[in-house]
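Observations on chain architecture
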Amino acid sequence: MNQLIIFTDLDGTLLDHDNYSWAAAREAVGELRARQIPLILNSSKTAAEMEQLRDDLGNTHPFVVENGGAVYIPRGYFPKMPQSHQPNNMQLLGSDRQEILATLQGIKLKKDYQFTSFAELSAQELAALTGLSLDAAKRASMRVSSEPLTWQDSDENLINFRQTLHSAGLRLLKGGRFYHVMGQTDKATGVSLLIEKYRTFYQARTLVTVALGDAPNDQGMLECVDIPVVIKSTKSEPPIVETEQSILYTDKIGPEGWNQAILQILKQYDQKEA
Ligand SMILES: [Mg+2]
């Protein structure tokens, strides 16, 4: 018997790039819930942002935040797993945000690169930049393991900046809207950890893992699953996925493409009859 596990990016994938709505994916989300197929949210968003979306989706599964910086596993979800003392059983996988901010501040003082990180913005400025409400902007700034920034300097300095971060043990990832400074983790880190836990949990079943994403920061996640799905985007260049699996490319954009891909996969791996 097959057991599907779905990992998904949010902005530009499950959520519309412009209005952050998942309405166009409602049918597929409902089908996954009806079949109790785990749907793991995995994005650059913070836990505070994702918790609200999880409530909205009626989602009770683990989730990966800040590009693999941390994973949250609801207490008791995997019965034999040791629990942490952090809220929602949080496990930090990447770098500590305070250390990232100290490094960024040091680079700015020394090199005078023109960039703006979330920490430098007031909630009002962040709301204006992201198009989020004030409360949503506050949730976006409650980070534990990464820092988004906008780059206002030259392409040449961007290469130097990336190199300086690398020397400090940090990496720079390009997302749909921002660059993200983080430790040596990416979305794949959380995916690999959870796949192992599901493999133990669903011992008697054959796991079929799926990941959906639209941008270069989804590459790692797409490369570690059985069915990588590249969601069409008009805002981002597509991720380059190096895998031996066949890649599913949607011809619809964002949540509409998401809906289409999940319904197609469910048709192929329907668990109802199994
Ligand atoms: Mg995206």
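1. Considerations on the sheet that holds strand 8 (residues 171-174)
Within a sheet, neighbouring strands are paired by backbone hydrogen bonds and run either parallel or antiparallel to one another. Ordered in space as 6-7-9-8, the four strands form an open sheet in which the pairing is antiparallel. The outermost strands of the open sheet, each flanked by one partner alone, are strand 6 (115-117) and strand 8. Each strand axis lies, on average, 30° off the axis of its neighbour in the sheet, ignoring direction. In terms of strand pairing, strand 6 meets strand 7 (residues 146-151) through three bridges, oriented antiparallel. Counterpart to Thr-116 in the pairing with strand 7 is Thr-150. Strands strand 6, strand 7 and strand 9 (179-182) of the sheet are contacted by helix 3 (residues 97-111), whose axis makes an angle of about 30° with strand 7. The sheet contacts of helix 6 (residues 155-167) involve strand 7, strand 8 and strand 9, and relative to strand 8 the element is tilted by about 135°.

2. Section: the domain arrangement of the chain
What the domain assignment lists for the chain is domain 1 (2-92 + 186-268) and domain 2 (97-182). One C-alpha centre belongs to domain 1, the other to domain 2, and the line joining them spans 24 Å. Each side of the interface is counted separately: domain 1 has 20 residues, and domain 2 has 15 residues. The greatest single-element share of the side of domain 1 that touches domain 2, amounting to three residues, is contributed by helix 2 (residues 47-57).

3. Concerning unusual backbone geometry
Excluding glycine, residues mostly have negative phi values, and the peptide bonds linking residues are mostly trans. Unusually for a residue other than glycine, Glu-66 sits at a positive phi of about 50°. With respect to the helices and strands, Glu-66 occurs in the loop between strand 3 (63-65) and strand 4 (70-72). The exposure class of Glu-66 is buried, given the 29 C-beta atoms found within 10 Å. Unlike most non-glycine residues, Asp-112 shows phi in positive territory, near 60°.

4. Quick word on helix 9 (residues 254-268)
Its 15 residues give helix 9 an end-to-end C-alpha distance of 21 Å, which sits within 8% of 21 Å, the value for a rise of 1.5 Å per residue. When we look at burial in helix 9, the residues that qualify are Gly-254, Pro-255, Gly-257, Trp-258, Asn-259, Gln-260, Ala-261, Ile-262 and Ile-265. Where helix 9 is buried, its residues contact helix 1 (26-34), strand 10 (206-213), strand 11 (227-232) and strand 12 (248-253).

5. Considerations on the environment of Leu-53
Secondary-structure assignment places Leu-53 in helix 2. Linking Leu-53 and Ser-21, residues 32 residues apart in sequence, is a C-alpha distance of 10.0 Å.

About the thresholds
Here the residue numbers are simple positions, counted from 1 along each chain's written sequence. Residues qualify for local features only when their pLDDT is at least 70, as the model is predicted, and side-chain atom pairs are given and counted only at 80 or more; totals for whole chains, interfaces and linings, by contrast, use all residues. Two strands pair under a simple rule: DSSP has to find at least two bridges between them. Helix and strand definitions here come from DSSP, where helices need a minimum of 4 consecutive H or I residues and strands a minimum of 2 consecutive E residues; each element is numbered from the N-terminal end. Angular values range over 0 to 180 degrees, each being the angle between N-to-C directions of two axes fitted as lines to C-alpha atoms, with helices fitted over their stretch in contact. Residues are treated as contacting if the C-beta atoms built from their backbones sit within 7 Å of each other. Those domain boundaries reflect an automatic or database domain assignment. To sort residues by burial, count the other C-beta atoms lying within 10 Å of each one's C-beta; a count of 20 or more means buried, 12 or fewer means exposed, and anything in between means partly exposed. C-beta atoms are built from the backbone. How far a helix is expected to stretch is found by multiplying one less than its residue total by 1.5 Å.

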